[in-house]
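# Examining the three-dimensional arrangement
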Amino acid sequence: MYMSENGKIWLATGDERVYLDPAMANRHGLIAGATGTGKTVTLKVIAESFSDLGVPVFMADIKGDLTGMCKEGCENKHILRSIETMGIENFTYTSYPTRFFDVYAKNGHPVRTTISEIGPELLARLLGLNEVQSGVLRIIFRIADDKGMLLLDLKDLRLMVQYVGDNANDFKLTYGNVSAQSLGAIQRALLTLEDDGGDIFFGEPALDIADWFDWDENGRGVMNILECQELFQHPLLYSTFLLWMLSELYEMLPEVGDIDKPKIAFFFDEAHLLFNDAPKALLEKVEQVIRLIRSKGVSVWFISQNPADIPESVLAQIGNRVQHALRAYTPNEQKALRYAAKSFRANPNFDTETVLQELAVGEALVSVLDEKGVPTAVERAGILPPRSSMNIADAVDVQARILASPLAEKYSMIIDRESAYELLMSKYQEQQAAEEEAQAQLEAERAELEKEKEKTALDKEREKLEKEKEKLAREKEKLANRKRSTSYGRRRTSAVSKTVSSAANTVGRELGKQLIRGIFGTLK
């Protein structure tokens, strides 16, 4: 461990040794510089020093080269030269207690969070929602909270969005207007996230930040390393997850004020991704967290290529700075170079802007806070060598450490407890059962009505037939009476009829004769 007699961390050596005061480490730090100038070495040296002090560490490993911290380093010419030129005595190589985490659960314990825990602000950024859609998402979260519905994974949120849409009129007066267009946009964004494999990030058991606070048998703080090589292919997801972790630290830890060393050190590599395209409201909250989390004993270190990558409001909260070499070939790069140089307290012995372009690999401009919290004048210094391995750890070794970790059992099993999805599905099923029962009742009433109609029609037909039958009976009776009357008249008039018939025949014949004579005329 690189320590001075008064308990400060020996960080670098130039004309004089540069010490980092652990009591000022929670004023945060910046490690900046162009690619290949030594930022990773600086990160490892500071992290190792914190661990030796008994401070747990969290690091995002984007390139995979931090895995070597679980193994002791080995001698090489660069380290030997540093030991000799810096006058390091009793230098020993050592491994550090490490635990590995991986969002994709391939090279570390699974890292999950729940929808409820990540909250509407970070989720809106992850989904790429506009201001109006973000407002609707906040309403959805508020309704879920008020109704005691946990949003654990994507299926919970999707069904919650549908539920809010189905009952938008009921929620309008209490929570505000919820447009169908915004709900549709949120559903589409959720489907896109799920198609990209985002469903693996949400669920239980969620990462318990308290598990980072652990020590080995020698009292050294555990190195918690998040494997990010695959996660970094999704920059928005990467930055959102680390912001969530930082916010969890903020919410979990109590106020401690000024303490002799941090409770935990948090290293955020490629920190510019935090702020790229972030809405103003989110930037204000990030600034607030960075400003207030130091009173909870958290030391946050941003690693980026240029200080200009960090918003000024956040950069103003950073007291300890290690600036490796910058290259300036274009007007924008020259402007960034001047910006970086002016961020230091000037040293009258050299021109900061000139030296910044001359730094060799492993060299840096360093400024830290003294005991009174005042930035020291910038020093040109060489960073001390790390004691753990600079090589990437073998995959077999990493897997062995994952299996041997006390956290292996805790995070290996996926839990799916009752949440919004189950509660809403139960509600929808009850509603569906009630609708089916009502439909069945309606069908039964319709069937009964049809029967009544048929019965009524039959009764009417029967009544009609009875009337027809009565009518036929009357007609039959009339016909019978007529027949009886006709039979009596025939018998009574038969003699008269015969006389009349004979007379008619005679008359007919006579009329015929008269008619014939009259026609021919000769008889006349």
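Residues numbered from 1 in each chain as written. Predicted model: local features only at pLDDT ≥ 70, side-chain atom pairs only at ≥ 80, totals over all residues. Heavy atoms only, no water.

## Some words on the overall build of the protein chain
Regarding its fold elements, the protein chain presents 15 helices and twelve strands. For 524 residues, the compact-globule estimate of 2.2 N^0.38 gives 24 Å, and the protein chain exceeds it by more than 25% at 49 Å. Along the three orthogonal principal directions, the C-alpha set of the protein chain runs to about 180 × 55 × 45 Å. Within the span of the protein chain, comprising 524 residues, buried residues form 45% of the whole. Residue pairs at least 24 apart in sequence account for 77% of intrachain contacts in the protein chain once pairs closer than 6 positions are excluded. Within the structure as shown, the protein chain displays about 27,900 Å² of accessible surface, and the carbon and sulfur contribution to it stands at 51%. Of the side-chain charges in the protein chain, 65 are positive and 79 negative, and the distance between the mean point of each set is 21 Å. (Helix = DSSP H or I, 4+ residues; strand = E, 2+ residues; numbered from the N terminus. Rg over C-alpha atoms; globule rule 2.2 N^0.38 Å. Buried < 20%, exposed > 50% of the residue type's maximum accessible area, 1.4 Å probe, protein only. Contact = heavy atoms within 4.5 Å. Areas by Shrake-Rupley, 256 points an atom, 1.4 Å probe, with all protein chains shown as cover. Lys, Arg positive; Asp, Glu negative; His and termini not counted. Charge placed at Lys NZ, Arg CZ, Asp CG, Glu CD.)

## Describing the sheet that holds strand β6 (residues 109-110)
In space, the twelve strands of this open sheet follow the order β2-β1-β12-β11-β10-β3-β9-β8-β4-β7-β5-β6, with mixed pairing throughout. Looking at which strands have only one partner, the edges of the open sheet turn out to be β2 (17-20) and β6. Relative to strand β11 (residues 363-367), strand β10 (residues 320-323) runs antiparallel, the two sharing three bridges. Bridge assignment links Arg-321 to a residue of β11, and that residue is Ser-367. Across the sheet, helix α1 (residues 39-52) lies against β1 (9-13), β2, β3 (29-32), β4 (57-61), β7 (223-227), β8 (264-269), β9 (298-304), β10 and β12 (379-383), angled at about 170° from β9, the strand it touches most. (Pairing = 2+ DSSP bridges. Axes fitted to C-alpha atoms, helices over the stretch in contact; angles between N-to-C directions.)

## Points about the confidence of the model for the protein chain
Of the residues in the protein chain, 92% reach a pLDDT of 70 or more, and the chain-wide mean stands at 87. pLDDT under 50 marks residues 507-524. Its contacts with residues more than four places away, or in other chains, come to one contact. (pLDDT = per-residue confidence, 0-100.)

## Details of the side chain of His-109
Assignment of secondary structure puts His-109 in strand β6. The exposure class of His-109 is buried, given its relative accessible area of 2%. Sequence-distant contacts of His-109, that is, excluding residues within four places in its chain, are made with Phe-100, Phe-101, Asp-102, Ile-402, Ser-405, Leu-407, Ala-408 and Tyr-411.

## A closer look at the pairing of β9
Counting buried residues in β9 gives seven out of seven residues, a clear majority hidden from the surface. Residue alternation in β9 divides its side chains into two sets, Val-298, Val-300, Phe-302 and Ser-304 and Ser-299, Trp-301 and Ile-303, and both sets are buried. Pairing between β3 and β9: four bridges, direction parallel. Along β9, the bridge assignment pairs Gly-29 with Trp-301. Relative to β9, β8 is paired through six bridges, and the arrangement is parallel. In the strand pairing of β9, Ala-265 is matched with Ser-299. Handedness of the β8-helix α9 (residues 280-293)-β9 crossover: right-handed. (Right-handed = clockwise from strand over helix to strand, strands pointing away.)

## Examining the nonpolar core
The biggest cluster of nonpolar side chains holds 85 residues, and the ones touching the most others in it are Trp-212, Met-245 and Phe-302. Top contributing element to this core by residue count: helix α8 (residues 235-252), with ten residues. In contact with Phe-302, other than residues within four places in its own chain, are Gly-29, Leu-30, Ile-31, Phe-268, Ala-271, Leu-274, Phe-275, Ile-290, Ile-310, Val-314 and Ile-318. Leu-20, Ile-46, Ile-225 and Val-398 belong to the second largest nonpolar core, which has 36 residues in total. (Core = buried A, V, L, I, M, F, W, Y, C linked by side-chain atoms within 4.5 Å.)

## Here we look at the pattern of salt bridges
Pairing between side chains of opposite charge can happen when the charged atoms of each approach one another. Enumeration over the complete set of coordinates arrives at 23 salt bridges. Here Arg-387 ties to Asp-52 by a salt bridge, and the two come within 3.3 Å at their closest N and O atoms. Taken together, the positions of Arg-387 in the loop between β12 and α13 (395-404) and Asp-52 in helix α1 put the pair 335 residues apart, joining distant regions of the chain. The same class applies to Arg-387 and to Asp-52, which are both buried. (Salt bridge = Lys/Arg side-chain N within 4 Å of Asp/Glu carboxyl O.)

## A word on unusual backbone geometry
Cis geometry is adopted by the peptide bond preceding Pro-205, which originates at Glu-204 and carries an omega value of 5°. Structurally, Pro-205 is set in the loop between α7 (180-195) and β7. Although it is not a glycine, His-28 adopts a positive phi angle of roughly 75°. In this fold, His-28 is placed in the loop between β2 and β3. If you check the backbone angles, Ala-105 has positive phi at about 60° while not being a glycine. Assignment of secondary structure puts Ala-105 in the loop between β5 (98-102) and β6.

## Section: the packing of aromatic side chains
Applying the stated rule across the entire model yields 16 aromatic pairs. An angle of 55° between the planes, with centres 6.5 Å apart, marks the rings of Phe-50 and Phe-267 as tilted. Of this pair, Phe-50 sits in helix α1 while Phe-267 sits in strand β8; the two residues are 217 residues apart in sequence, bridging distant segments of the chain. Accessibility assignment for this pair places Phe-50 and Phe-267 in one class, buried. Relative to Tyr-175, the ring of Phe-171 has its centre 5.9 Å away and its plane inclined at 75°; by these criteria the two rings are edge-to-face. Of this pair, Phe-171 and Tyr-175 both sit in helix α6 (residues 168-175), separated by four residues, roughly a single helical turn. Residue classification places Phe-171 among the buried residues on the basis of a relative accessible area of 8%. (Phe/Tyr/Trp six-rings, centres within 6.5 Å; stacked < 30°, edge-to-face > 60°.)

## Looking at the environment of Phe-302
Positionally, Phe-302 belongs in strand β9. On the basis of relative accessibility, which here comes to 0%, the residue Phe-302 falls in the buried class.

## Describing the environment of Asp-65
Looking at the secondary structure, you find Asp-65 in the loop between β4 and α2 (77-86). The buried category is assigned to Asp-65, whose relative accessible area is 19%. Spatially, the C-alpha atoms of Asp-65 and Lys-469 are 108 Å apart, while their sequence positions differ by 404 residues. Residue contacts for Asp-65: discarding those within four places in its chain leaves Thr-40, Lys-44, Met-390, Asn-391 and Ile-392.

## Description of the pairing of β5
A regular strand places its side chains so that they alternate between the two faces of the sheet. Within β5, five of the five residues are buried, leaving the element largely enclosed by the surrounding structure. The sheet contact formed by β5 and β7 spans five bridges and is parallel. Paired with Phe-100 across the bridge in β7 is Ile-225. Examined bridge by bridge, β5 and β6 share two bridges and lie parallel to one another. What sits directly across from Asp-102, in β6, is Pro-110.

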